[in-house]
Amino acid sequence: EPEVTQTPSHQVTQMGQEVILRCVPISNHLYFYWYRQILGQKVEFLVSFYNNEISEKSEIFDDQFSVERPDGSNFTLKIRSTKLEDSAMYFCASSEFGGLNQPQHFGDGTRLSIL
Amino acid sequence: AQSVSQHNHHVILSEAASLELGCNYSYGGTVNLFWYVQYPGQHLQLLLKYFSGDPLVKGIKGFEAEFIKSKFSFNLRKPSVQWSDTAEYFCAVYNTDKLIFGTGTRLQVFP
């Protein structure tokens, strides 16, 4: 079964540094998402992306965050100047189409630790 | 705004015990509800979903959930758990292309 893959599995970064989290969605999927989970808290929606633009973003997704699909396979989340509170598990997801009938397939996540 | 509450943060059971994990949602209109499972070291996987119709939904691995509109609930059940059911379980509601998750319930099953 095709999977969403995320790299790296664990990223440790100094506060203030830029970090890029990478995701390879399932190849025929058109909708892409980032979620995050701070330790002990709920999984939170960050952003959805379709047709090379952001469809929706949450309050968390401020100017420090950006997403990009630089080529036909990767979908990246960039945090420009990381803060301690950005430490979390970041999950990428993709779906073939949008809408509630389309299940979102999740990657294993990247654990981001900000020092 | 829609929200989801899972009141059981950590559940410990012996094999063959019955399981019920609570999930309550906030929105009074039409809702679309999901249960996801995350096994240790693995990604989130869809267990089951409710869109409409029969409020008793059957999912994979013997799990089922019942949508009770009057109680704003969508509890997950399994009559007899196995050690392999040890995982974290997330209830979620769908809202315009995104999922809103609960905080999750960690289930530990001991042989």
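Residues numbered from 1 in each chain as written. Chains lettered and ligands numbered in written order. Predicted model: local features only at pLDDT ≥ 70, side-chain atom pairs only at ≥ 80, totals over all residues. Heavy atoms only, no water.

Our focus in this paragraph is the overall build of chain A. When helices and strands are counted, chain A shows zero helices and eleven strands. For chain A, the C-alpha atoms occupy an extent of roughly 40 × 30 × 30 Å along the three principal directions. Taking contacts inside chain A between residues at least 6 apart in sequence as the whole, the part at least 24 apart equals 54%. Accessible surface for chain A amounts to roughly 5,800 Å². Of this, 46% is attributable to carbon and sulfur atoms. (Helix = DSSP H or I, 4+ residues; strand = E, 2+ residues; numbered from the N terminus. Contact = heavy atoms within 4.5 Å. Areas by Shrake-Rupley, 256 points an atom, 1.4 Å probe, with all protein chains shown as cover.)

Let's shift gears to the pattern of salt bridges. Residues and elements named next belong to chain B. As enumerated under the stated definition, the model contains seven salt bridges over all chains in all. Lys78 is the partner of Asp85 in a salt bridge, and the nearest nitrogen-oxygen pair spans 2.9 Å. Assessed through its relative accessible area of 2%, Asp85 is described here as buried. With a relative accessible area of 7%, Lys78 lands in the buried category. One salt bridge in this structure joins Arg106 and Glu88, with 3.2 Å as the shortest N-O distance. (Salt bridge = Lys/Arg side-chain N within 4 Å of Asp/Glu carboxyl O. Buried < 20%, exposed > 50% of the residue type's maximum accessible area, 1.4 Å probe, protein only.)

Glancing now at the packing of aromatic side chains. All names here are of chain B. On inspection of all chains with the given rule, the structure shows 21 aromatic pairs over all chains. Summarising the aromatic geometry, the rings of Phe34 and Tyr94 are spaced 6.5 Å apart at their centres and angled 50° between planes, so their arrangement reads as tilted. Of this pair, Phe34 sits in strand β5 (residues 33–38) while Tyr94 sits in strand β10 (residues 87–95), placing them 60 residues apart in sequence. The class for Phe34 is buried, based on a relative accessible area of 3%. The class for Tyr94 is buried, based on a relative accessible area of 10%. (Phe/Tyr/Trp six-rings, centres within 6.5 Å; stacked < 30°, edge-to-face > 60°.)

This paragraph deals with the environment of Gln17 of chain A. Structurally, the position occupied by Gln17 of chain A is in the loop between β2 (10–13) and β3 (19–24). With 65 residues separating them in the primary sequence, Gln17 of chain A and Thr82 of chain A have C-alpha atoms 5.6 Å apart.

In terms of nonpolar packing, the biggest core is built from 29 residues, with Leu19, Trp35, Leu47, Leu48, Phe74, Leu76 and Tyr89 of chain B touching the most fellow members. Of all the secondary structure elements, the ones that give two or more residues to this core are β2 (10–14), β3 (19–21), β5, β6 (44–50), β8 (64–68), β9 (73–78), β10 and β12 (105–110) of chain B. Among the elements that make up this core, the one with the highest residue count is β10 of chain B (four residues). Not counting residues within four places of it along the chain, the set of residues in contact with Leu19 of chain B comprises Val11, Leu13, Phe63, Leu76, Arg77, Lys78, Val81 and Leu107 of chain B. Within the second largest apolar cluster, 23 residues are counted, among which are Phe65, Val67, Ile79 and Ala88 of chain A. (Core = buried A, V, L, I, M, F, W, Y, C linked by side-chain atoms within 4.5 Å.)

Inspection of the entire model under this criterion finds two disulfides over all chains. Covalent S-S linkage joins Cys23 of chain A and Cys92 of chain A, the inter-sulfur distance amounting to 1.9 Å. One quick way to see it: the torsion about the S-S bond of Cys23 of chain A and Cys92 of chain A is about -65°, and its sign makes the bridge left-handed. Here Cys23 of chain A, found in strand β3, pairs with Cys92 of chain A, found in strand β9 (residues 88–95); they are 69 residues apart in sequence, far enough to count as distant. Summarising the burial analysis for this pair, Cys23 of chain A and Cys92 of chain A share the class buried. Here Cys23 of chain B pairs with Cys91 of chain B through a disulfide, and the sulfurs are 1.9 Å apart. Looking down the S-S bond of the Cys23 of chain B and Cys91 of chain B bridge, the torsion is -65°, so its handedness is left-handed. (Disulfide = S-S within 2.5 Å.)

Moving on, we get to the sheet that holds strand β8 (residues 75–79) of chain A. Residues and elements named next belong to chain A. Taken in spatial order, the four strands of this open sheet run β1-β3-β8-β7, and their pairing is antiparallel. Since the sheet does not close on itself, it has two edges, and those belong to β1 (5–7) and β7 (65–68), each with one partner. The mean angle between the axes of side-by-side strands here comes to 20°, regardless of whether they run parallel or antiparallel. Two elements, β3 and β8, share five bridges in a ladder whose sense is antiparallel. Looking at the pairing, Leu21 lines up with Leu77 of β8. (Pairing = 2+ DSSP bridges. Axes fitted to C-alpha atoms, helices over the stretch in contact; angles between N-to-C directions.)

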